[in-house]
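Overview (structure and organization)
Each chain is listed here by its residues.
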Amino acid sequence: MDFLTQADTEKLGGAINHLVIGLCRLEERADGTVPSFEEVRELVEERLGRSPRFRQFPYAPPDHGGLPVWADAQDFDLDYHVVEAETDGPVDRHQLDELLAEWMTTPIDEEQPLWRVQYVPTEDGAALMVKSSHALADGLGSIALFAMLLFDVTEEPVREDAAPWEPAPLPDASELRTAAGQADSDEAEADKTPLEKVVSLISSPEAIRQTATETAGVSSYLIRKARTEVAPSPLAQGSGMPLELHTLEYPLDRLKLLGRGLGTGATMNDVILGLTAGGLRRWCVENGYPLEEIAVRVPVATKKREGEGEGNASVAPMIVPLPLEEADPVRRVRLLRERTESIKNAGQPELNLAVRNLAREAPGPVGERMLNLVTGKGQANIAIHNLPGPPLKLYVLGAPTASFHSFTLPRAGLAIHLNVVSVGGVVSIGLAADQGVAGSLAPFVRGIEETEEALASGVSCLDLVRRVPIFAPLDDEMQEDLASRMVERRVEGGETLVAQGEPAEDFFLIVEGAFDTQVDGQSVRTMGPGDSFGEIGLLRDTERTATVEAKEAGVVMVLSREDFLGAVSADPASMVVADAIINTRLGDLGRYQVFSETAD
């Protein structure tokens, strides 16, 4: 018989915090229609036989004191598991969020199979709300579970005949005891006591050394954490209710491009952290809280132990303080990148994983205290969950999925959760917040959106800076600093940006438009995006050698004299390039004599 684990059993008991929640939005099919509720119900009925868990529930007879077993539901009712939302017609995105909040906070009946699907007609198609218990599957397992039930990787769905099914009789207590005894015998090695595990290490000196080293490291780490005072946070309290939800979507390639464009090895995960920090910064500003560091809990792959075989590395929680005081989004991501790398290099994720493993062996209250010291209440007030899904586009009965969001209910001490799911080239962010603590999510969402736009602008500006020959020799940090100091200026056609003979005050980098360069009233060249001007007067401390006029509406980035000279004059290689550019530019303008007289 297939028993539930002790961990899975603990997730039962009606605790809605242990539900896995998903929202899948569907677009129109090629023929302009969306799947109906009846079509979805029929598809689910066809595919129930793909996994026995779709018709099983956790069962234990009244006189059985052991773990429950997965048993067939004797009165399985598909109409309980696949339902249509009661609405007055298609709903908008706000109404969809409200329906989802209600769906999330309704527990699953534990005497039924632990999953449900709700169909919702929407103004732009349809949506499927799915939920299952963590005892049935975790986040990634849940995606795989519902993929079996609902999704295809082509527009043409795989149809199959619903297989006949009859439930197996429920086992009695004696059968469960017999089966449990056999399972205990088969898993004796896996279920050794801590003492037996230590004794078994005698045959492996390397294992003894590594275990002793890890235990000592964990002890020291726990002592340090116990002595560290946790800073107060405006998000530290709450009960998880009432609930507010919000959904965001971004193209996967765009977030990856933002990471690469920022340089310094930034990844998409760093961008997600940057968006979170931007959202929280805006939330603090609008709610009158000081811009002090608030920590976020994120998952990270840990380093493998010596002697471990092939396979995926373990995933452990990492606590990262967000630099909310930094106003510039590009610098903020750079700081986060440096901070996360420092935390990883210090071995925090591996220590957190070791503490979690030890806590499982410790008595309940002791284990709970250990976990609280490293990742529990007070250590972080925002949690990010990363659920990488399949890179392929998914379909439901021929309808493309527009997005697939996942949600985790907030709880005391973790007032905001961000679930990040990547499916079919779309990164979907599901936000869930405790309204009693966070209030409205609107400022947080505005901050995320503003940060994404600012990062895109910053990356574009940074790319332009890197293409300027004078700035090319500068290191990444100096280039990022220059990009952050540039101010965007929109110009109208016919507008004069600089006039020949006036003092030189600024450096200009063209983003959009065409600009005419004139010497003594005569046009000598036209400049466009990527070109720059103004460096001659700044570097040689002369008056402007030419007039620059906008031939059409355009956009330029402006850098002050102080910022320009501070960067270029501090780098010998940049000064060499600058001299070469100045000589060439003066030659193009026919102004060798001006330069010679100035040099004398």
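Okay, so let's go over this structure.

Here is what the cut-offs are and how they apply
- Residues numbered from 1 in each chain as written.
- Predicted model: local features only at pLDDT ≥ 70, side-chain atom pairs only at ≥ 80, totals over all residues.
- Heavy atoms only, no water.
- Helix = DSSP H or I, 4+ residues; strand = E, 2+ residues; numbered from the N terminus.
- Buried < 20%, exposed > 50% of the residue type's maximum accessible area, 1.4 Å probe, protein only.
- Areas by Shrake-Rupley, 256 points an atom, 1.4 Å probe, with all protein chains shown as cover.
- Contact = heavy atoms within 4.5 Å.
- Expected span 1.5 Å × (residues − 1).
- Core = buried A, V, L, I, M, F, W, Y, C linked by side-chain atoms within 4.5 Å.
- Pairing = 2+ DSSP bridges.
- Axes fitted to C-alpha atoms, helices over the stretch in contact; angles between N-to-C directions.

Here we look at the overall build of the protein chain
Helix and strand counts for the protein chain come out as 20 helices and 22 strands. Counting over 600 residues, the protein chain shows a buried share of 49%. On the protein chain, roughly 28,100 Å² of surface is accessible, and the fraction owed to carbon and sulfur atoms is 51%.

Side note on the environment of Pro-529
Assignment of secondary structure puts Pro-529 in the loop between strand 19 (522-527) and strand 20 (532-533). We classify Pro-529 as exposed; its relative accessible area is 55%. Taking the C-alpha atoms as reference points, Pro-529 and Leu-509, separated by 20 residues in sequence, lie 7.9 Å from one another. Sequence-distant contacts of Pro-529, that is, excluding residues within four places in its chain, are made with Ile-510, Val-511, Glu-512 and Gly-513.

A closer look at helix 12 (residues 348-361)
In a regular helix each residue adds 1.5 Å, so 14 residues correspond to 20 Å; helix 12 covers 20 Å between its end C-alpha atoms and thus fits that length. Along helix 12, the residues that are buried comprise Gln-348, Pro-349, Leu-351, Asn-352, Leu-353, Ala-354, Val-355 and Ala-359.

Considering the nonpolar core
With 64 residues, the main nonpolar core has Val-44, Leu-100, Trp-115, Leu-128 and Leu-150 as its most contacted residues. Top element by residues in this core is helix 4 (residues 93-104). It accounts for six residues. What Leu-128 contacts, discounting residues up to four positions off in sequence, is Gly-22, Leu-23, Cys-24, Leu-26, Val-40, Val-117, Gln-118, Tyr-119, Leu-150 and Val-396. Of all hydrophobic cores here, the second largest spans 47 residues; its members include Ala-266, Met-268, Leu-273 and Met-318.

Let's talk about the sheet that holds strand 21 (residues 547-550)
Taken together, four strands build an open sheet; the order of strands is 16-21-18-19 and the sheet is antiparallel. Only two strands of the sheet have a single partner each, and these edge strands are strand 16 (496-498) and strand 19. The mean inter-strand angle of the sheet, taken between neighbouring strand axes irrespective of direction, is 30°.

Some points on the pairing of strand 6 (residues 125-133)
Burial runs high along strand 6: nine of the nine residues are buried. Bridge analysis of strand 5 (residues 115-122) against strand 6 gives eight bridges, and the strand direction is antiparallel. Looking across to strand 6, one finds that Pro-121 is bridged to Ala-126. Linkage of strand 5 to strand 6, two consecutive antiparallel strands, is achieved through a turn of two residues.

A few points about the pairing of strand 17 (residues 506-512)
Examined bridge by bridge, strand 17 and strand 22 (residues 554-560) share six bridges and lie antiparallel to one another. Residue pairing across strands places Phe-507 opposite Leu-559, the latter belonging to strand 22. Sheet analysis places strand 17 next to strand 20, joined by two bridges and oriented antiparallel. Paired with Phe-508 across the strands is Phe-533, a residue of strand 20.

Re the environment of Leu-114
Relative to the helices and strands, Leu-114 resides in the loop between helix 4 and strand 5. Judged by its relative accessible area of 1%, Leu-114 is buried. For the pair Leu-114 and Gln-56, spaced 58 residues apart in sequence, the C-alpha separation works out to 7.9 Å.

Overview of unusual backbone geometry
For residues other than glycine, phi is negative in most cases, and the peptide bonds are mostly trans. Residues other than glycine seldom take positive phi values, yet Leu-397 does so here, at roughly 50°. As for its placement among the helices and strands, Leu-397 is situated in the loop between strand 11 (395-396) and strand 12 (399-407). Given the relative accessible area of 6%, Leu-397 is considered buried. Even without a glycine there, the phi angle at Asp-520 is positive, about 55°. Along the polypeptide, Asp-520 turns up in the loop between strand 18 (515-519) and strand 19. Given the relative accessible area of 59%, Asp-520 is considered exposed.

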